[in-house]
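# Structure at a glance
What follows is the residue order along each chain.
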Amino acid sequence: MMTFKKVTRLAFAFVLFLMGTTAFAQQTNSSNPRATLTAEQRAQAQVQRYQKQLDLTPEQTVKITAIVTASVQEMDKLRTPGTRPDRQAMQAQAQKRALEINAILTPAQQEKFAAMLAKQMEQGQGRGGRQPIKGTTKTKGDI
């Protein structure tokens, strides 16, 4: 038979367990950097990545900033809270953005951009499996 002391200890341990898991769950949700950034901040971060990896000229940077900012804002509209995002519309928006950016780049930059997108595709396979963006990477049919 359990004594009152044992029951109290068990209840206390259970409460501590619940508090710990709740604190951990809140911590992981608040640590998502995308959740705290505005659309403009996310767009600027993406443009900075492009500047660094593609060696953009100032003129290219201005044009790509406009494309990325408009695209991020459009994606945010597609992610209405409480509803499931339209995956096809989001893929179409991503494809449009990639094609517009690709048109601004030099041939050498286009190769780097295609490699960036391919790398993103590989990394995204475990997170819902992104589809290749048409017109930016070569497939067996393009060879």
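Everything numeric in this text was worked out from a predicted model, so none of it was measured. (Residues numbered from 1 in each chain as written. Predicted model: local features only at pLDDT ≥ 70, side-chain atom pairs only at ≥ 80, totals over all residues. Heavy atoms only, no water.)

## Here's the deal with helix α5 (residues 87–104)
Given 3.6 residues per helical turn, the α-helix brings residues three or four places apart onto the same face. Here is the rule: Numbered from the N terminus, helices here are DSSP runs of H or I no shorter than four residues, and strands are runs of E no shorter than two. By this rule, a helix spans an expected 1.5 Å times one less than how many residues it contains. Throughout, exposure labels follow a simple rule: accessible area from a 1.4 Å probe, protein chains only, divided by the maximum for the residue type, with under 20% read as buried, over 50% as exposed, and the rest as partly exposed. The arc in question is formed by the directions pointing from the helix axis toward the C-beta atoms. Any two residues having at least one pair of non-hydrogen atoms within 4.5 Å are treated as being in contact.
The terminal C-alpha atoms of α5, which comprises 18 residues, lie 26 Å apart, in line with the 26 Å expected from a rise of 1.5 Å per residue. Restricting attention to buried positions, one finds in α5 the residues Met90, Gln93, Ala94, Arg97, Ala98, Ile101 and Asn102. Within α5, the buried residues cover an arc of 165° as seen down the axis, which keeps them to one side. The outward face of α5, more than 90 degrees from its buried face, is lined by the exposed residues Gln88 and Ala103. Considering only its buried residues, α5 is in contact with α3 (39–54), α4 (58–78) and α6 (107–124).

## Details of the confidence of the model for the protein chain
The cut-off we apply is this: Per-residue confidence from the predictor is given as pLDDT, running between 0 and 100.
Taken residue by residue, the protein chain gives an average pLDDT of 77. The fraction at 70 or more is 66%. Contacts for the low-pLDDT stretch residues 26–30, under 50 throughout, to residues beyond four places or in other chains number zero contacts. A low-confidence stretch, residues 138–143 stays under pLDDT 50, and its non-local contacts, those more than four residues away or across chains, total one contact.

## Here's the deal with the packing of aromatic side chains
As a reminder of what qualifies: Think of it this way: a Phe, Tyr or Trp ring, Trp meaning its six-membered ring, pairs with another when their centres are within 6.5 Å, and the plane angle makes it stacked under 30 degrees, edge-to-face over 60, tilted otherwise.
Applying the stated criterion across every chain yields a total of one aromatic pair. Arranged with centres 5.7 Å apart and planes meeting at 80°, the rings of Tyr50 and Phe113 form a pair that is edge-to-face. Note that Tyr50 is positioned in helix α3 and Phe113 in helix α6, a separation of 63 residues in sequence. For Tyr50, a relative accessible area of 3% corresponds to the buried category. Classification of Phe113 by relative accessible area gives buried; the value is 1%.

## Considerations on the pattern of salt bridges
Defined as follows: Only one rule defines a salt bridge in this text: a Lys or Arg side-chain nitrogen within 4 Å of an Asp or Glu carboxyl oxygen.
Evaluation of the coordinates by the stated rule reveals two salt bridges. As a salt-bridge pair, Arg42 and Asp76 come within 2.5 Å of each other at their nearest N and O atoms. Residue Arg42 is found in helix α3, and its partner Asp76 is found in helix α4; the two are separated by 34 residues along the sequence. Taking the relative accessible area as the measure of exposure, Asp76 reaches 30% and is therefore partly exposed. Residue Asp76 pairs with Arg79 through a salt bridge whose shortest N-O separation is 3.6 Å. Look at Arg79 and you get partly exposed, because its relative accessible area is 35%. Shared partners join several salt bridges into a network, and the residues in it are Arg42, Asp76 and Arg79.

## Considerations on the nonpolar core
Heads up, the rule is: Residues grouped as a nonpolar core are buried Ala, Val, Leu, Ile, Met, Phe, Trp, Tyr and Cys residues, joined through side-chain atoms within 4.5 Å.
Residues Tyr50, Leu54, Ile64, Val68, Ile101, Leu105 and Phe113 are the most contacted members of the largest nonpolar core, which totals 16 residues. Of all the elements in the fold, those that place two or more residues in this core are α3, α4, α5 and α6. It is α3 that provides the largest number of residues to this core, a total of five residues. Setting aside chain neighbours within four positions, we find Val68 in contact with Ala43, Gln46, Val47, Tyr50, Arg97 and Ile101.

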